[in-house]
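What follows is the residue order along each chain.
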Amino acid sequence: QVQLVESGGGLVQAGGSLRLSCAKSGRTFGRYVMGWFRQAPGKEREFVAAISWSGGSTYYGDSVKGRFAISRDNAKNMVYLQMNSLKPEDTAVYYCAANWGTAQPMDSPDVYNDWGQGTQVTVSA
């Protein structure tokens with residue numbers, strides 16, 4: 001069974017930075033896309049970023065382009081989300097997710113098969 005565990009969330013002032021990590025455990029076969037989503041209270045889950053197996057292709061939601069960067073280290077089974085210039089509207093629970101197949105589009109939560117438990121990010125004004 002595959003598990004995804006996020007870490008690195010916390011409280012930060014507006015303009016600050018945080019780096020989220022997602023650790024994958026368990027056996028998997030083949031190449032897979034990793035994504036980050038977030039969900040604020042009373043809102044739908046929102047696509048943040050995704051990265052291909054090789055790391056050569058990355059995708060970002062419009063609200064985070066230019067501020068966030070996704071990366072991965074397949075040897076360590078890790079995925080990262082570097083968040084800079086944080087804003088109060090970035091406050092949410094952040095989830096990492098794995099897409100084991102080739103389903104599209106990558107900004108849809110429906111194509112992801114496994115999810116972590118989430119980590120809270122709170123940005124104060």
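Everything here concerns the structure above.
Residues numbered from 1 in each chain as written. Predicted model: local features only at pLDDT ≥ 70, side-chain atom pairs only at ≥ 80, totals over all residues. Heavy atoms only, no water.

Here we take up the overall build of the protein. A count of helical and extended segments in the protein gives 0 helices and 11 strands. Relative to its length of 125 residues, the protein is compact, with a C-alpha radius of gyration of 14 Å against a globular reference of 14 Å. In terms of its C-alpha atoms, the protein occupies a principal-axis envelope of roughly 45 × 25 × 25 Å. Going through the 125 residues of the protein one by one, you find that 42% of them count as buried. Within the protein, counting contacts between residues at least 6 apart in sequence, those at least 24 apart form 56% of the total. A total of about 6,500 Å² of accessible surface is found on the protein, and carbon and sulfur atoms cover 47% of it. Both charge centroids of the protein, one from 12 positive and one from 10 negative side chains, sit 8 Å from each other. (Helix = DSSP H or I, 4+ residues; strand = E, 2+ residues; numbered from the N terminus. Rg over C-alpha atoms; globule rule 2.2 N^0.38 Å. Buried < 20%, exposed > 50% of the residue type's maximum accessible area, 1.4 Å probe, protein only. Contact = heavy atoms within 4.5 Å. Areas by Shrake-Rupley, 256 points an atom, 1.4 Å probe, with all protein chains shown as cover. Lys, Arg positive; Asp, Glu negative; His and termini not counted. Charge placed at Lys NZ, Arg CZ, Asp CG, Glu CD.)

All right, on to the nonpolar core then. Of all hydrophobic cores here, the largest spans 26 residues; its most connected members are M34, W36, V48, F68, L81, M83 and Y94. Among the elements of the structure, strand 3 (18-25), strand 4 (33-39), strand 5 (46-51), strand 7 (68-73), strand 8 (78-83), strand 9 (92-99) and strand 11 (119-124) are those that each provide at least two residues to this core. Ranked by residues supplied to this core, first place goes to strand 9 with 4 residues. When sequence neighbours within four positions are dropped, the list of residues in contact with M83 reads G16, S17, L18, L20, R67, F68, Y94 and V121. Formed by 8 residues, the second largest nonpolar core is a distinct cluster that contains V33, F37, M106 and V111. (Core = buried A, V, L, I, M, F, W, Y, C linked by side-chain atoms within 4.5 Å.)

Quick look at empty space enclosed by the protein now. Applying the stated criterion across every chain, the model contains 1 cavity of 30 Å³ or more. When its volume is computed, the largest cavity comes out at roughly 50 Å³. The wall of the largest cavity is formed by C22, K24, Y32, M34, R72, N74, N77, M78 and V79. For the lining of the largest cavity, the secondary-structure elements that each account for two or more residues are strand 3 and strand 8. For the lining of the largest cavity, the per-class residue count stands at 5 nonpolar, 2 polar and 2 charged. (1 Å grid on protein atoms, 1.4 Å probe; cavity = no way out; pocket = protein on both sides within 12 Å on 5 of 7 lines; lining within 4 Å. Points joined across faces, edges and corners; volume = space filled by probe spheres on them. Nonpolar A, V, L, I, M, F, W, Y, C, P; charged D, E, K, R; others polar.)

This part is about the environment of S57. Secondary-structure assignment places S57 in the loop between strand 5 and strand 6 (58-60). Taking the C-alpha atoms as reference points, S57 and V33, separated by 24 residues in sequence, lie 9.8 Å from one another.

The 4 strands lie next to each other as 1-3-8-7, forming an open sheet whose pairing is antiparallel. One side of each edge strand has no neighbouring strand; the edge strands of this open sheet are strand 1 (3-7) and strand 7. Sheet twist, expressed as the average angle between the axes of neighbouring strands with direction ignored, equals 15 degrees. Taken together, the 5 bridges between strand 1 and strand 3 define a ladder with antiparallel strand orientation. Following the sheet pairing, V5 is matched in strand 3 by A23. (Pairing = 2+ DSSP bridges. Axes fitted to C-alpha atoms, helices over the stretch in contact; angles between N-to-C directions.)

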